[in-house]
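Per-entry structural report
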2 protein chains.
Amino acid sequence: MLNYSTSEENYIKAIYHLQQQDGNVTTNELAAELKAKPASITDMMKKLKAKKLLHYEPYQGFSLSNEGKKVALGIIRRHRLWEFFLAEKLKFTWDEVHEVAEHLEHVSSKKLIDKLDEFLGFPRVDPHGDPIPDQDGKIETSRQVCLLDLPFNKSAVVSHVSDQSTEILELLKHKNIVIGTKLEVKKKFSFDNSMEVKAGRQPVFTISEQLAKNIFVKYGA
Amino acid sequence: MLNYSTSEENYIKAIYHLQQQDGNVTTNELAAELKAKPASITDMMKKLKAKKLLHYEPYQGFSLSNEGKKVALGIIRRHRLWEFFLAEKLKFTWDEVHEVAEHLEHVSSKKLIDKLDEFLGFPRVDPHGDPIPDQDGKIETSRQVCLLDLPFNKSAVVSHVSDQSTEILELLKHKNIVIGTKLEVKKKFSFDNSMEVKAGRQPVFTISEQLAKNIFVKYGA
DNA sequence: ATAATAATTTAGATTTGTCTAAAAATATTT
DNA sequence: AAATATTTTTAGACAAATCTAAATTATTAT
């Protein structure tokens with residue numbers, strides 16, 4: 001595996017995330033994601049195409065090649081392992097880990113990352129509930145659904161929170177919800193799309209539409 | 001404290017190390033240290049002077065300003081804390097830590113480093129025996145002497161090894177010498193400048209001039 | 001289907017960090 | 001102290017990553 005510049009890595013990572021949803025990624029989408037100008041995107045796409053990391057024809061959008069995906073998963077592995085380290089060992093709060101991990105992820109010593117993985121006890125998910133790819137780039141493809149779409153009375157486990165703001169952290173803390181919390185939806189109100197939820201033996205409580213939108217859960221087959 | 005580029009940080013660090021011995025640093029010296037061309041050094045010296053990190057007049061060499069020294073000590077703090085982490089927690093060997101720390105040292109989150117320091121138990125020295133500056137940039141100025149200059153029968157503690165090659169590590173391992181080992185010089189032979197040394201209750205053994213040159217010790221007032 | 005609009009690319013400029021080759025300053029030797 | 005050698009600086013070039021403004025292609029609406 002060759003080495004890529006910090007900038008190249010940031011582009012690759014951003015494309016990976018965008019194509020999870022869209023499949024094909026456009027210049028403007030990526031420009032928005034990276035807070036860069038469209039012209040800069042085109043420049044970099046040419047370079048990454050030359051390195052065979054993505055498929056790209058002018059005006060047709062782009063998507064990562066298999067090699068590009070492998071590179072992306074390597075970066076994501078580093079990012080999420082550092083996030084886990086920061087939260088678990090250095091006691092960073094949930095909303096602080098991301099920014100620091102953005103920098104640490106670009107230190108690309110394989111030995112460092114594999115030893116870190118071992119030191120941390122081979123964690124499966126990062127503090128936001130996102131799965132951590134293994135040495136070979138294998139990543140757990142989870143049957144996640146948004147809490148909004150969870151059927152009634154199906155016990156499910158909170159596995160991911162998409163927003164990472166301090167505000168949502170504060171609210172989740174107040175409601176005692178963390179990654180791993182077991183939930184069941186008891187009622188939904190169509191007026192405001194709020195829902196009543198039960199967590200373990202706690203009394204039923206209410207979750208707003210805005211909050212439910214950001215909570216993702218996994219539930220058994 | 002402002003942020004500096006990786007390149008600027010590497011220059012600052014190199015000047016700090018060189019001026020420990022010479023006081024004033026020359027263009028060629030620094031070029032050799034950084035494996036760069038003299039012209040590149042001059043370019044960067046102009047930039048660092050403009051940022052008030054060093055004293056520099058054309059053709060007269062240069063040395064860090066107080067601000068420059070503070071920046072240098074921040075970088076050295078990060079480097080040595082990561083070295084300690086790699087050796088202590090990730091079980092890297094002595095000769096492996098340096099290269100990886102060269103990269104990690106440029107991640108400049110103050111919170112990260114202070115929390116890392118705490119997590120590691122506020123270590124005073126890195127795996128090579130070099131002192132780690134504290135949050136305020138204070139660094140232990142140790143009364144170190146080269147083992148060659150240690151008087152007879154003075155009990156002293158190995159505090160630093162200047163060479164960092166695999167070869168010296170192998171030899172030191174064989175002789176059971178680590179940072180912290182207590183030594184006493186028993187005899188010196190002027191023929192080859194070798195010496196006989198006693199470590200704790202081990203039988204006396206021999207150290208060559210080449211090896212003694214690279215071992216530094218601290219001894220009581 | 002054509003005109004208007006939006007998205008994308010190209011062309012050319014800028015900054016950072018590096019280099020080579022030539023010029024200038026300093027140091028050394030005779 | 002003059003000649004020679006060494007060190008350092010300057011001048012100009014280049015690659016990476018970004019930008020602005022203009023040109024081009026694609027999409028949408030009439």
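Residues numbered from 1 in each chain as written. Chains lettered and ligands numbered in written order. Predicted model: local features only at pLDDT ≥ 70, side-chain atom pairs only at ≥ 80, totals over all residues. Heavy atoms only, no water.

Each helix and strand counted, chain A has 8 helices and 8 strands in total. Projecting the C-alpha coordinates of chain A onto the three principal axes gives extents of approximately 55 × 40 × 35 Å. Burial analysis of chain A (221 residues in total) assigns 42% to the buried set. Taken as a whole, chain A presents about 12,000 Å² of accessible surface, with 51% of it coming from carbon and sulfur. Side chains of chain A give 32 positive and 31 negative charges; the mean places of these two sets differ by 5 Å. (Helix = DSSP H or I, 4+ residues; strand = E, 2+ residues; numbered from the N terminus. Buried < 20%, exposed > 50% of the residue type's maximum accessible area, 1.4 Å probe, protein only. Areas by Shrake-Rupley, 256 points an atom, 1.4 Å probe, with all protein chains shown as cover. Lys, Arg positive; Asp, Glu negative; His and termini not counted. Charge placed at Lys NZ, Arg CZ, Asp CG, Glu CD.)

What follows covers the protein's contact with DNA strand D. Neighbouring residues of DNA strand D: 20 residues in total, closest S5, S40 and K47 of chain A together with N28 and Y56 of chain B. Close to the protein, within 4 Å, the atoms of DNA strand D belong to sugar or phosphate groups at a rate of 77%. Contacts to DNA strand D include K37 of chain A, whose backbone N or O atom sits 3.2 Å from a phosphate oxygen. Looking at the surface near DNA strand D, its residues break down into 9 nonpolar, 7 polar and 4 charged. (Near = heavy atom within 4 Å. Polar contact = N/O pair within 3.5 Å; in protein donor to acceptor, adjacent residues only side chain to side chain. Nonpolar A, V, L, I, M, F, W, Y, C, P; charged D, E, K, R; others polar.)

A few words now on the side chain of E8 of chain A. Residue and element names in this part refer to chain A. By secondary structure assignment, the location of E8 is in helix α1 (residues 6-22). Of the polar contacts made by the side chain of E8, one reaches the side chain of K51; its length is 2.7 Å. Sequence-distant contacts of E8, that is, excluding residues within four places in its chain, are made with M44, K47, L48 and K51. (Contact = heavy atoms within 4.5 Å.)

So, on to the interface of chain B and chain A. Across the contact, 18 residues belong to chain B and 18 residues belong to chain A. When the two sides are added together, the surface that chain B and chain A hide from each other amounts to roughly 1,500 Å², 80% of it contributed by carbon and sulfur. Linking chain B with chain A are 2 salt bridges. Among the salt bridges present, the one from E96 of chain B reaches K111 of chain A, with a minimum N-O distance of 2.4 Å. When residues of the side of chain B that touches chain A are traced back to their parent elements, those giving at least two are α4 (66-88), α5 (94-104) and α6 (110-119) of chain B. Broken down by element, the residue count for the side of chain B that touches chain A peaks at 5 residues, all from α6 of chain B. Its residues assigned to classes, the side of chain B that touches chain A comprises 11 nonpolar, 2 polar and 5 charged. (Buried area = accessible area lost by both parts, 1.4 Å probe. Salt bridge = Lys/Arg side-chain N within 4 Å of Asp/Glu carboxyl O.)

For the rest of this paragraph, the subject is the pairing of strand β4 (residues 156-161) of chain B. Across a regular strand the side chains alternate sides, sitting on one face of the sheet and then on the other. Residues and elements named next belong to chain B. Taken across its 6 residues, β4 has 5 buried, putting it largely inside the fold. The pairing of β4 with strand β8 (residues 215-218) spans 4 bridges and is antiparallel. Paired with V157 across the two strands is K218, which belongs to β8. (Pairing = 2+ DSSP bridges.)

Here we take up the sheet that holds strand β8 (residues 215-218) of chain A. In a beta sheet, neighbouring strands pair by backbone hydrogen bonds and run either parallel or antiparallel. Residue and element names in this part refer to chain A. Read from one edge to the other, the open sheet built from 6 strands follows the order β3-β8-β4-β5-β6-β7, with strand pairing classed as antiparallel. In the strand order of this sheet, the two ends are held by β3 (144-146) and β7 (205-207), each with one partner. Taken pair by pair, the neighbouring strands of this sheet meet at an average axis angle of 50°, ignoring direction. With 3 bridges joining them, β3 and β8 adopt antiparallel strand pairing. Note on β8: the bridge partner recorded for C146 is F216. (Axes fitted to C-alpha atoms, helices over the stretch in contact; angles between N-to-C directions.)

Near DNA strand C you find 20 residues, and of these N28 and Y56 of chain A together with S5, S40 and K47 of chain B are the closest. Here the atoms of DNA strand C within 4 Å of the protein split so that 76% fall in sugar or phosphate, with bases taking the remainder. Taking Y56 of chain A, its side chain carries an N or O atom lying 2.6 Å from a phosphate oxygen of DNA strand C. Taking S40 of chain B, its side chain carries an N or O atom lying 2.5 Å from a phosphate oxygen of DNA strand C. Looking at the surface near DNA strand C residue by residue, the classes come out as 9 nonpolar, 7 polar and 4 charged.

Residue and element names in this part refer to chain B. If you walk across this open sheet you meet the 6 strands as β3-β8-β4-β5-β6-β7, and the pairing is antiparallel. Every other strand in the sheet has two partners, leaving β3 (144-146) and β7 (205-207) as the edge strands with one partner each. Strand-to-strand twist of the sheet, defined as the mean angle between neighbouring strand axes without regard to direction, takes the value 50°.

The next subject is the relation of the copies chain B and chain A. At an RMSD of 0.1 Å, chain B and chain A line up after a rotation of 179° and a shift of 0.0 Å along the axis. Taken together, these values place the two copies in the relation of a two-fold axis. Measuring from the rotation axis to each C-alpha of chain B, the shortest distance belongs to L104 of chain B, at 3.5 Å. Same-surface contact between copies: 100% of interface residues of chain B are shared with the interface of chain A. (Least-squares fit on C-alpha atoms with pLDDT ≥ 70 in both.)

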